[in-house]
Amino acid sequence: MQALATAEGRADPYPLYDRLRSAGPVLPLGEGFTVVTGYAEADRVLRDADFRVTDEAALDRALPGWRSVASWRWLSRTMLWRNAPDHTRLRRLAGSAFTARRVAALRDDVTALAEGLIAPIATADAPVDFMRAVAYPLPVAVICALLGVPAADRDWFRPRAHDLTLALEVFAGDPDELARADAASDELEDYFVDLLARRQREPGDDMISDLLASGAAGEAGGVELVAHLVLLLVAGFETTTNLLGNGLAVLLDEPRHADRLRAHPELAEAYVEEMLRFDPPVQVTSRYAGRDTELAGVGVPAGTELLVVLAAAGRDPRRFAQPDRFLPDRPTAPSLSFGAGAHFCLGAPLARLEARTAFPLLLDRLPGLRAAGPAVRRDRLGFRGFAELPITT
Ligand code: HEM
């Protein structure tokens, strides 16, 4: 387990996940801490109400001073860190604005935004960093379009959204990183307070205006609404970026897959699902046991913290044959890369839309696409992705 906290372990955590799983799909590792690496076991933890997300009660027990940390205060107001019945209420409210119709209506915007980012790569006379050129700007532009954030503000968001994800990282607690996350949390909340006031005066055809019209600001309290706007911005940002980067890395490593997807863009759905399983952008999440219970024959006392390794569940040979191979034709079996149960990713349709649009477009517009040097991994465990992914055409 300690190996996962080292740079080498983070660079390629999959052999370490295998070792943990072979010691047991549910592995108690010391007082009050258990790691879950099996698919069936992780699925049960995510779906069973006995296992709860970190909430105020859990924070009060584990970290009595947590309210002085702005980014944890922000998280504790969001659905991500709330359990039923609060979670149910907040999820319904966000779901009413984040509809399939609204996401589907973004299809042309996503295509146009992706086209605009890919076109300059075709004519570039030097290698281009895919992360900087496409993987970062595309999700930010899409979520800003959805929320109704003016295009001119997008560049301001990127570093702040990045800093705020530091608060969500596993083993979060590094004082410098938390200070950056806190500053970002304050600035982003201030930004949305202003934007809400602006949309109150001048409504547009966007999600924020819809939420205001539905009375969400009153029902959830302005503070909760602002917290959720920040969540939507951040949750959809590093994650989709890393799906694009991790997915492209597979296509660059195995050019026959790039050729096949280029010839058969209709396979994009299957490719994206396999990318999500093979190298998930969100590797882990956590829960705690709300009461004494048992999991796969292992006793789990109330209060136990569970590290649920979604990426290890995706490589569980009991669920996926030849789990370490990238096989987009494998029988459809959902991975847990968007979670499962009550907290299943709210933005999954949007992330899928972006990836299913971007990969075929990229391969079509860049027929000579190939790697242009070594890719550089980010030294992060929870949000797995690349710092640099150089490409050429
Ligand atoms: C490839 C991209 C993405 C991945 C891999 C991903 C992954 C996840 C995972 C694993 C969870 C569950 C966490 C848990 O149960 O502890 C989650 C929840 C969530 N995601 Fe995503 N996500 C992605 C994109 C997005 C996007 C684009 C948005 C919004 C614009 C979004 C919004 C959310 C929200 C609001 C939740 C909390 C749901 C709840 O607590 O009920 N995500 N995501």
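Preceding this section is the structure that the text describes.
In short, a report on the structure. Note that this is a predicted model, so its numbers are computed, not measured.

Rules behind the numbers
- Residue positions are given per chain, counting from 1 as you read along its sequence in written order.
- Only residues with pLDDT of at least 70 get local features here, since the model is predicted, and only at 80 or more are side-chain atom pairs given and counted; chain-wide, interface and lining totals rely on the full set of residues.
- Only hydrogens and water are set aside when side-chain values are computed; all heavy atoms of the structure are taken into account.
- Only nitrogen, oxygen and sulfur atoms within 2.8 Å of the metal, or 3.2 Å for Na, K and Ca, are treated as donors, and water is left out, so sites may look incomplete.
- By the criteria applied, helices consist of DSSP H or I runs no shorter than four residues and strands consist of E runs no shorter than two, each listed in order from the N terminus.
- To obtain each axis, a line is fitted to C-alpha atoms, and for helices this fit is confined to the stretch in contact; angles are then taken between N-to-C directions over 0 to 180 degrees.
- Here is the rule for angles: anything less than 35 degrees is roughly parallel, anything more than 145 is roughly antiparallel, 65 through 115 is roughly perpendicular, and the remaining ranges are oblique.
- By the convention used here, residues are in contact when the closest approach between their heavy atoms is within 4.5 Å.
- In this classification, the charged set is Asp, Glu, Lys and Arg, the nonpolar set is Ala, Val, Leu, Ile, Met, Phe, Trp, Tyr, Cys and Pro, and all remaining amino acids, among them Gly, are polar.
- By definition, two strands form a pair when at least two bridges between them are found by DSSP.
- Residues are counted as near a molecule or strand when any one of their heavy atoms sits within 4 Å of it.
- Polar contact is defined as a pair of N or O atoms within 3.5 Å, subject to the rule that within protein one atom must be able to donate a hydrogen and the other to accept it, and that residues adjacent in sequence are counted only when both atoms are side-chain atoms.
- Any Phe, Tyr or Trp ring, taking Trp's six-membered ring, that has another such ring centre within 6.5 Å forms a pair; planes under 30 degrees apart are called stacked, those over 60 apart edge-to-face, and the others tilted.
- Consider the ring centre and the ring normal. A charge sits over the ring if Lys NZ or Arg CZ is within 6 Å of that centre and within 35 degrees of that normal.
- Partly exposed residues are those whose accessible area sits between 20% and 50% of the maximum for their type, while under 20% is buried and over 50% is exposed, using a 1.4 Å probe and protein chains only.

## Points about the coordination of the iron atom of the ligand
- Inspection of the coordination sphere of the iron atom of the ligand shows a single protein donor, Cys345 (SG), at 2.3 Å.
- If you trace the backbone, Cys345 turns up in the loop between helix H19 (310–313) and helix H20 (348–365).

## Quick look at the packing of helix H16 (residues 238–253) against helix H18 (residues 268–278)
- Interhelical geometry of H16 versus H18 gives an angle of 100° and a closest axis separation of 10 Å. Comparing the axis directions of H16 and H18 gives the class roughly perpendicular. Contacts between H16 and H18 involve Leu243, Gly247, Val250 and Leu251 from the former and Tyr271, Val272, Met275, Leu276 and Phe278 from the latter.
- Among the residues making up the contact of H16 with H18, the classes are represented as eight nonpolar, one polar and no charged.

## Examining the sheet that holds strand S4 (residues 128–129)
- A sheet is described by the order of its strands in space; here three strands give the open sequence S4-S12-S9, paired in antiparallel fashion. This sheet does not close on itself; its edge strands, each paired only once, are S4 and strand S9 (370–371).
- Where S4 lies against strand S12 (residues 390–392), two bridges are found, and the strand directions are antiparallel. Bridge pairing in S12 places Asp129 opposite Pro390.

## Points about the site of the ligand
- What surrounds the ligand is a group of 27 residues, the closest being His87, Arg91, Thr285, His343 and Cys345.
- At a separation of 2.8 Å, an oxygen atom of the ligand approaches a polar side-chain atom of Arg287.
- Separating an oxygen atom of the ligand from a side-chain N or O atom of His343 is a distance of 2.6 Å.
- Elements that contribute at least two residues to the shell around the ligand include exactly helix H6 (86–97), helix H15 (222–235), H16 and strand S5 (284–289).
- Taken together, the residues of the shell around the ligand sort by class into 16 nonpolar, nine polar and two charged.

## Re the packing of aromatic side chains
- In the structure shown here, the tally under the stated rule is ten aromatic pairs.
- With a centroid separation of 5.3 Å and an interplanar angle of 80°, the aromatic rings of Trp156 and Phe157 are classed as edge-to-face.
- Grouped by ring-pair contacts, the aromatic residues Trp156, Phe157, Tyr191 and Phe192 constitute a single cluster.
- A cation over an aromatic ring shows up here: Arg315 above the ring of Tyr14, its NZ or CZ 3.8 Å from the ring centre.
- If you follow Arg377 out to its NZ or CZ, it ends over the ring of Phe386, 3.9 Å from the centre.

## So, H18
- Counting buried positions along H18 gives eight out of eleven residues, so the element sits mostly inside the fold.
- Among the residues of H18, Ala268, Tyr271, Val272, Glu274, Met275, Leu276, Arg277 and Phe278 are the ones counted as buried.
- Here the buried face of H18 lies against helix H2 (14–23), H16, helix H17 (255–263) and H20.

## Focus: the sheet that holds strand S2 (residues 33–36)
- Pairing is mixed in the open sheet, where five strands are placed in the order S1-S2-S8-S5-S3. Pairing within the sheet leaves two strands with one partner each, and these edge strands are strand S1 (26–28) and strand S3 (51–52).
- As paired strands, S1 and S2 are joined by three bridges and run antiparallel to one another. The residue of S2 that forms the bridge with Pro28 is Thr34.

## With respect to the pairing of S5
- Relative to S5, S3 runs antiparallel, the two being bridged by two bridges. By the bridge assignment, Phe51 is partnered in S5 with Ala289.
- Pairing of S5 with strand S8 (residues 305–309) involves five bridges; the strand directions are antiparallel. Paired with Ser286 across the strands is Leu307, a residue of S8.

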